[in-house]
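So you can see what is in the structure, the chains are spelled out below.
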Amino acid sequence: MHKNYLTSPSPHIYGSFNPPLNISVMASGNGSNFEAIIDAINHKKLQANISCLIVNNHSCYARTRAENHNINCVIHDHRDYSSREDLDDAIIRTFKTFGTEIVVMAGWMRIVSHKLIKEFPNRIINIHPSLLPSFKGKDAINQALDANVKITGCSAHIVTEQLDSGKLIIQSAVPILDIDNKESLSNKIKLQEHIILPNAISIIGESIRGSKN
Ligand code: GRF
């Protein structure tokens, strides 16, 4: 059982959604956050269907996770598009095909353009491994270690055109101990990400569906 550090708001309360929320996930790598969303759905905490996963790397493990769970996976490799906008046009077409209500960037390592943000206003969620607004951008865990802070954590927030700057949805604090290194801290933060990300989806679901669900 993992330790539950300080999380706000409480991650244990989920909304009820009928029909279930239609979410799509974007991932570039391992996909452990994607799997955490699947788990929250399978354990009947989060009432949602993942209609598709979009990946930009053919060999990423997130793709294998989608196959294991019979979830549609669409590859949009950024190297095949001449601009961010062209890539986002293709992504938007995919989301429209699947009737996506909420987009979850779960380790999507690309900056998205205004096109995607305009198409899903206040409906794109990102998970970031720091207590924003501290340590935006790449390598947030090393940034925290280098700054010698004693508490870091993770943030689920709305995606806007400014990197890692949109409205915060939920955060979780993780202490940094003297014995921590990048790997141990990263593992502790991941555990918290896996708790708050499904909860953030529910919070945004409630805000777009209204509280009567
Ligand atoms: C997470 O640490 C997340 O904060 C960052 O990318 C990482 C993705 O990890 N945006 P995973 O692929 O979900 O394991």
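Heads up: the structure comes first, above all this text.
Residues numbered from 1 in each chain as written. Predicted model: local features only at pLDDT ≥ 70, side-chain atom pairs only at ≥ 80, totals over all residues. Heavy atoms only, no water.

Caption draft 1: Layout of the overall build of the protein. For the protein, the helix and strand inventory stands at 6 helices and 8 strands. In the protein, the succession of helices and strands from N to C terminus is β-β-α-β-α-β-α-β-α-β-α-β-β-α. Seen through its principal axes, the protein has C-alpha atoms that stretch 50 × 45 × 30 Å. Sorting the 213 residues of the protein into buried and exposed places 48% on the buried side. Within the protein, counting contacts between residues at least 6 apart in sequence, those at least 24 apart form 68% of the total. Total accessible area on the protein is roughly 10600 Å²; 50% of this is exposed by carbon and sulfur atoms. (Helix = DSSP H or I, 4+ residues; strand = E, 2+ residues; numbered from the N terminus. Buried < 20%, exposed > 50% of the residue type's maximum accessible area, 1.4 Å probe, protein only. Contact = heavy atoms within 4.5 Å. Areas by Shrake-Rupley, 256 points an atom, 1.4 Å probe, with all protein chains shown as cover.)

Caption draft 2: Spotlight on the site of the ligand. Looking at the ligand, the residues that line it are Asn30, Gly31, Ser32, Asn33, Gly107, Met109, Ile127, His128, Pro129, Lys190 and Glu193. Asn30 is positioned with one of its side-chain polar atoms (N or O) 3.3 Å from an oxygen atom of the ligand. A distance of 2.8 Å separates an oxygen atom of the ligand from a polar atom in the backbone of Gly31. Taken by itself the ligand offers 370 Å² of open surface, and the protein chains cover 88% of this. For the shell around the ligand, the secondary-structure elements that each account for two or more residues are helix H1 (32–42), strand E6 (124–128) and helix H6 (182–209). A per-class count over the shell around the ligand returns 3 nonpolar, 6 polar and 2 charged. (Near = heavy atom within 4 Å. Polar contact = N/O pair within 3.5 Å; in protein donor to acceptor, adjacent residues only side chain to side chain. Nonpolar A, V, L, I, M, F, W, Y, C, P; charged D, E, K, R; others polar.)

Caption draft 3: Layout of the packing of H1 against helix H2 (residues 61–68). In the contact formed by H1 and H2, the axes pass within 9 Å of each other and the chain directions differ by 20°. In terms of axis orientation, H1 runs roughly parallel to H2. Across the interface between the two elements, Ser32, Phe34 and Glu35 of H1 pack against Ala62, Arg65 and Ala66 of H2. Residues belonging to the contact of H1 with H2 are distributed by class as follows: 3 nonpolar, 1 polar and 2 charged. (Axes fitted to C-alpha atoms, helices over the stretch in contact; angles between N-to-C directions. Parallel < 35°, antiparallel > 145°, perpendicular 65-115°, else oblique.)

Caption draft 4: Highlighting the packing of helix H5 (residues 140–147) against H6. Close contact between H5 and H6 brings their axes to 10 Å; oriented N to C, the two are set at 120°. One way to sum up the angle between H5 and H6 is to call them oblique. At the point where H5 passes H6, the crossing takes the right-handed sense. Of the residues in H6, those in contact with Ile141, Asn142 and Leu145 of H5 are Lys182, Leu185, Ser186 and Ile189. By residue class, the composition of the contact of H5 with H6 is 4 nonpolar, 2 polar and 1 charged. (Left-handed = near helix turned anticlockwise from the far one by under 90°.)

Caption draft 5: Quick peek at the sheet that holds strand E2 (residues 21–27). In spatial order, the strands read E1-E8-E7-E6-E5-E2-E3-E4; together these 8 strands make up an open sheet with mixed pairing. Here the strands that pair on one side only, and so sit at the sheet edges, are strand E1 (7–8) and strand E4 (73–75). Relative to E4, strand E3 (residues 48–55) runs parallel, the two sharing 3 bridges. Following the sheet pairing, Leu53 is matched in E4 by Cys73. In the packing of H1 onto the sheet, contacts are made with E2, E3, strand E5 (102–105) and E6, and the angle to E3 comes to roughly 165°. Running over the sheet, H2 touches E2, E3 and E4 and is turned about 145° from E3. (Pairing = 2+ DSSP bridges.)

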